[in-house]
Amino acid sequence: RVETVESFARLGGAVPPAPINGGSLGAHGRTDPKTGERIHASYNSVDRPYVRVDTFDEGWRLKSSVGVDVPSPVMVHDSALTEGYVVILDFPLTIRPRRFLADSFPVEYEPQNGARIGLVPRDGGDETIWFDVESGVVLHAANAFEDDEGRVVVHGFKSVPRADASYILEYTPAFLYEWVLDPVTGKTIEERCLNPDVLVEFPIVEDSCVGRRAGAVYGLVTTSIGGPLLQFSTPQSAVLLDAVIKFALEDGEAHGKGDVMGRYDLPPGWHMVSEPTVLSKT
């Protein structure tokens, strides 16, 4: 049974009321399994800085709020976390309210704006470190961590829409990607697709692995494009999610990085709508 505890909550004034322009609270937050801090990255499509990082304690009291300036107002739907950084996904999925005036959907893909990944220090110290990456859309991050060499490794599900597409109206398949970033040099060491064969969405790792090295990531498999929403005008295309899949994020004896470690297919006629839930066996 699910009950509403509180509606239109502002968390003691920490969350501004901005339902149209964005800025209320990021859709996907991360909880640090060591400190218990809850961190959200939110966007604002009108006022600079266009991105804001909020850190809450375990009781949802605001500890800090940091503005992150990006060149254009972008839809920051998700972010990732390491022990030292908040990972900002500045990909060119722009959100411009003026498109309403032209009777257009406010969110569109503008690859000419370029794409970057930002590392915001969690200790409030230095400024955001930015890394240029290849264009695309990353709605959902999987996880991130700092390796033994101090580099930041980010995993997420990335898609590359047509240049003239509204990503929300026209679905574009996503695949598992990895980025390796060096905070010392500010260079993107590597960016690659780990599995080009499986269409996926909604990644998740075990809670205890958030911000730390994870051996695997789970996601939902896209089995068709069109789906049950084809009869509606918005979105023009949707997807059916019929299976849970497990990808390896490390090389091992039985699996290489990006390989499928397991898959569970739902019974015929059953579909999923959001992330799976990962429970430890211990």
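This text follows the structure it describes.
Residues numbered from 1 in each chain as written. Predicted model: local features only at pLDDT ≥ 70, side-chain atom pairs only at ≥ 80, totals over all residues. Heavy atoms only, no water.

All right, on to the overall build of the chain then. Across its full length, the chain holds zero helices and 18 strands. Whereas a compact globule of 282 residues would reach a radius of gyration of roughly 19 Å, the chain reaches 19 Å, a difference of no more than 12%. Each principal axis of the C-alpha distribution contributes one length, and for the chain these read about 50 × 45 × 45 Å. Classification of the 282 residues of the chain by burial places 49% in the buried group. (Helix = DSSP H or I, 4+ residues; strand = E, 2+ residues; numbered from the N terminus. Rg over C-alpha atoms; globule rule 2.2 N^0.38 Å. Buried < 20%, exposed > 50% of the residue type's maximum accessible area, 1.4 Å probe, protein only.)

Roughly 320 Å³ of volume is contained in the second largest pocket. Along its surface, the second largest pocket is lined by 18 residues, and G29, R30, I204, D207 and V210 are the ones closest to its centre. Of all the elements in the fold, those that place two or more residues in the lining of the second largest pocket are β1 (30–31), β11 (137–146) and β15 (200–204). The biggest single contributor to the lining of the second largest pocket is β11, with three residues. A per-class count over the lining of the second largest pocket returns eight nonpolar, four polar and six charged. (1 Å grid on protein atoms, 1.4 Å probe; cavity = no way out; pocket = protein on both sides within 12 Å on 5 of 7 lines; lining within 4 Å. Points joined across faces, edges and corners; volume = space filled by probe spheres on them. Nonpolar A, V, L, I, M, F, W, Y, C, P; charged D, E, K, R; others polar.)

Let us now look at the side chain of H40. Structurally, H40 can be placed in strand β2 (residues 38–43). Among the polar contacts listed, one links the side chain of H40 to the backbone oxygen of G26, at a separation of 3.0 Å. Beyond its immediate chain neighbours, meaning those up to four positions away, H40 contacts L25, G26, H28, G29, R52, V53, D54 and W60. (Polar contact = N/O pair within 3.5 Å; in protein donor to acceptor, adjacent residues only side chain to side chain. Contact = heavy atoms within 4.5 Å.)

To continue, consider the environment of R98. Mapped onto the elements of the fold, R98 is located in the loop between β7 (93–95) and β8 (107–109). With relative accessibility at 57%, the residue R98 sits in the exposed group. Each C-alpha atom of the pair R98 and F56 lies 32 Å from the other, and the pair is 42 residues apart in sequence.

Another aspect to go through is the sheet that holds strand β5 (residues 79–81). Taken together, four strands build an open sheet; the order of strands is β5-β6-β9-β10 and the sheet is antiparallel. One side of each edge strand has no neighbouring strand; the edge strands of this open sheet are β5 and β10 (129–133). Pairwise comparison of adjacent strand axes, ignoring direction, gives a mean angle of 20° for this sheet. (Pairing = 2+ DSSP bridges. Axes fitted to C-alpha atoms, helices over the stretch in contact; angles between N-to-C directions.)

Cis peptide bonds are those with omega within 30 degrees of zero, and the linkage from R48 to P49 qualifies with -5°. Positionally, P49 belongs in the loop between β2 and β3 (51–56). With phi around 65°, W60 is a residue other than glycine that occupies positive phi space. Mapped onto the elements, W60 comes out in the loop between β3 and β4 (62–68). The class for W60 is partly exposed, based on a relative accessible area of 34%. Phi is positive for F202, which is not a glycine, with a value near 55°. Residue position: F202 is located in strand β15. Looking at F202, the relative accessible area reads 17%, which means it is buried.

On to the pairing of strand β13 (residues 175–182). Summarising burial for β13: seven of the eight residues are buried, a large majority. For strand β12 (residues 152–159) and β13, the ladder comprises seven bridges, and the chain directions are antiparallel. Counterpart to V154 in the pairing with β13 is W179. Strand direction decides the pairing type here: β13 and strand β14 (residues 187–195), joined by seven bridges, are antiparallel. From the neighbouring strand, V180 faces β14, where its bridge partner is E190.

Glancing now at empty space enclosed by the protein. Summed over all chains, the structure comprises one cavity of 30 Å³ or more. Of the voids in this model, the largest cavity is the one considered here, and its volume is about 60 Å³. Per-class residue counts for the lining of the largest cavity are eight nonpolar, one polar and one charged.

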